[in-house]
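Letter by letter, the chains look like this.
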Amino acid sequence: MKGRESLSSSDSAFADASSFADDSATLRIAETFASRQGEGLLTGTPSFFIRTSGCNLRCWFCDTPYASWNPEGQRRSIESLVDEARTARVAGSDEPISHVVLTGGEPLVAAGIGDLADQLRAGGFHVTIETAGTVDVAIGCDLLSLSPKLSASTPDPAEHPGWAIKHEQRRLPVETMRRLIERAPSFQVKFVVDSPDEFEEIESVVKSLTVESSAVWIMPQGVTNDQLDAAAPWLRPWCEAHGYRYCDRMQIRWYGNRRGT
Ligand SMILES: C[S@@+](CC[C@H](N)C(=O)[O-])C[C@H]1O[C@@H](n2cnc3c(N)ncnc32)[C@H](O)[C@@H]1O
Ligand SMILES: Nc1nc2[nH]cc(C(=O)O)c2c(=O)[nH]1
Ligand code: SF4
Ligand SMILES: [Mg+2]
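Residues numbered from 1 in each chain as written. Chains lettered and ligands numbered in written order. Predicted model: local features only at pLDDT ≥ 70, side-chain atom pairs only at ≥ 80, totals over all residues. Heavy atoms only, no water.

Looking at an unreviewed UniProt entry, one finds the protein named 7-carboxy-7-deazaguanine synthase, with Neorhodopirellula pilleata as its source organism. Entered under Function (unreviewed entry) in the UniProt record, the comment concerning the protein runs "Catalyzes the complex heterocyclic radical-mediated conversion of 6-carboxy-5,6,7,8-tetrahydropterin (CPH4) to 7-carboxy-7-deazaguanine (CDG), a step common to the biosynthetic pathways of all 7-deazapurine-containing compounds." In UniProt, the protein has this text filed under Catalytic activity (unreviewed entry): "6-carboxy-5,6,7,8-tetrahydropterin + H(+) = 7-carboxy-7-carbaguanine + NH4(+)". (UniProt positions renumbered as here; feature names shortened; annotations may be inferred.)

Further remarks concern the overall build of the protein. Of the regular secondary structure elements, the protein holds 7 helices and 9 strands. The C-alpha atoms of the protein give a radius of gyration of 17 Å, which matches the 18 Å a tight globule of 261 residues would have. Overall, the C-alpha framework of the protein stretches about 45 × 40 × 35 Å when taken along its three principal axes. Burial status across the protein gives 52% buried among its 261 residues. Counting only contacts in the protein whose residues sit at least 6 apart along the sequence, the fraction spanning at least 24 positions is 72%. Counting every atom, the protein has about 11,200 Å² of accessible surface; 49% of that belongs to carbon and sulfur. The centroid of the 26 positive side-chain charges in the protein is displaced by 2 Å from the centroid of its 36 negative side-chain charges. (Helix = DSSP H or I, 4+ residues; strand = E, 2+ residues; numbered from the N terminus. Rg over C-alpha atoms; globule rule 2.2 N^0.38 Å. Buried < 20%, exposed > 50% of the residue type's maximum accessible area, 1.4 Å probe, protein only. Contact = heavy atoms within 4.5 Å. Areas by Shrake-Rupley, 256 points an atom, 1.4 Å probe, with all protein chains shown as cover. Lys, Arg positive; Asp, Glu negative; His and termini not counted. Charge placed at Lys NZ, Arg CZ, Asp CG, Glu CD.)

The next point concerns the nonpolar core. Ranked by internal contacts, the top residues of the largest apolar core, which has 52 residues, are Ile 50, Leu 102, Leu 116, Leu 120, Phe 191, Ile 202 and Ile 218. For this core, the element with the most residues is helix α5 (residues 199-209), which contributes 5 residues. Those residues in contact with Ile 218 that lie beyond four places of it in its chain are Phe 191, Val 193, Ile 202, Leu 235, Trp 238, Cys 239, Tyr 244, Arg 245, Tyr 246 and Cys 247. Core analysis: the next-biggest nonpolar cluster, separate from the first, contains 6 residues, Cys 59, Val 192, Trp 217 and Cys 247 among them. (Core = buried A, V, L, I, M, F, W, Y, C linked by side-chain atoms within 4.5 Å.)

Another point: the site of ligand 1. Near ligand 1 you find 20 residues, and of these Phe 61, Gly 105, Ser 147, Lys 149 and Gln 221 are the closest. One of the side-chain N or O atoms of Gln 221 is found 2.8 Å from a nitrogen atom in ligand 1. The backbone of Gly 222 places a nitrogen or oxygen atom 3.0 Å from a nitrogen atom of ligand 1. Compared with its free state, where it exposes 540 Å², ligand 1 has 95% of that area covered by protein. Counting residues per element, the ones that place at least two in the shell around ligand 1 are β5 (126-131), β7 (187-193) and β8 (216-220). When grouped by side-chain class, the residues that make up the shell around ligand 1 number 6 nonpolar, 8 polar and 6 charged. (Near = heavy atom within 4 Å. Polar contact = N/O pair within 3.5 Å; in protein donor to acceptor, adjacent residues only side chain to side chain. Nonpolar A, V, L, I, M, F, W, Y, C, P; charged D, E, K, R; others polar.)

With that out of the way, let us pick up the UniProt feature "binding site: Mg(2+)" (unreviewed entry) in the protein. Cross-referencing UniProt, the feature "binding site: Mg(2+)" (unreviewed entry) maps to Thr 64 in the present numbering. If near-sequence neighbours (up to four positions away) are discounted, Thr 64 is found in contact with Arg 51, Gly 104 and Gly 105.

Turning to the site of ligand 3, a few remarks are in order. Taken together, Cys 55, Leu 57, Arg 58, Cys 59, Cys 62, Ser 68, Gly 105, Ala 132 and Lys 149 make up the full set of residues near ligand 3. Grouping the amino acids of the shell around ligand 3 by side-chain chemistry returns 5 nonpolar, 2 polar and 2 charged.

Considering all chains together, one arrives at 17 salt bridges under this definition. Residue Arg 249 pairs with Asp 63 through a salt bridge whose shortest N-O separation is 2.7 Å. Note that Arg 249 is positioned in the loop between β9 (245-246) and α7 (250-255) and Asp 63 in the loop between β2 (46-52) and β3 (74-77), a separation of 186 residues in sequence. On the basis of relative accessibility, which here comes to 7%, the residue Arg 249 falls in the buried class. Taking relative accessible area as the criterion, Asp 63 reaches 33% and is therefore assigned partly exposed. Taking the shortest distance from any N to any O, the salt bridge between Arg 76 and Glu 84 comes out at 2.8 Å. Of the residues examined, Arg 76 reaches a relative accessible area of 24% and is grouped as partly exposed. (Salt bridge = Lys/Arg side-chain N within 4 Å of Asp/Glu carboxyl O.)

In structure tokens form, the structure reads like this:
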């Protein structure tokens, strides 16, 4: 859907978040793993990742289709997730992990995510939330990692007519994103870019979110070193010229595109 008006999504379009809210004592989890944060401000930090299953968007490029397009995983209790975070270790290290990343799928549509974040923080963990920011949920965290979805993320309308419409309606509720940012003690805004055609749209979204360019990270779309390397020559100079931070995807460099890393 490249070329469509960038701020066309309606703030009221997200009507069925409650369809995910069937049982808040347990959450459907696609995977948990200990790794290093591969993206953004905390790159390199040993972290325990909790990936909820289910998403209200359908980006064509989603690198975790097992948590969005074809959601997998069993329900887990909050207690078992907090216990696992306490005992988790990054491979080759005996050190306890102090940082937890709540990601997905879309963690903000998982009922119980607020309680999970609260209990992790009460246990002394630093909590990052990786979110596309389409749902207004008051959730306690230490870092909001907001990844607004651009028009080029929309799936092919010929292949996925229903999802193309829903995705387009839901992907960019600017007022909701502003509220998420205002509530968070710290934040980063992380865009995924597939082509230079998206530059103008990014500037328009940054302007409407009224965030400083130094809080903006730009990540190439891609799940291989070759894809990341192909984007760097056109993307890095543009980031530098605009005061944005170029964001590599270090987990791909370190581990390859492997599930659980
Ligand atoms: C799988 S998403 C889950 C969290 C949330 N649904 C979101 O999109 O922010 C985690 C991060 O991966 C990014 N991402 C997903 N697929 C990608 C791809 N093919 N290339 C680059 N980044 C990607 C998202 O933009 C987000 O920053
Ligand atoms: N190592 C590593 N870092 C990440 N940062 C954000 C991730 C995510 O999928 O949300 C992610 C991930 O999947 N792995
Ligand atoms: S919003 Fe995140 S999890 Fe959902 S489809 Fe897009 S990249 Fe995947
Ligand atoms: Mg990832």
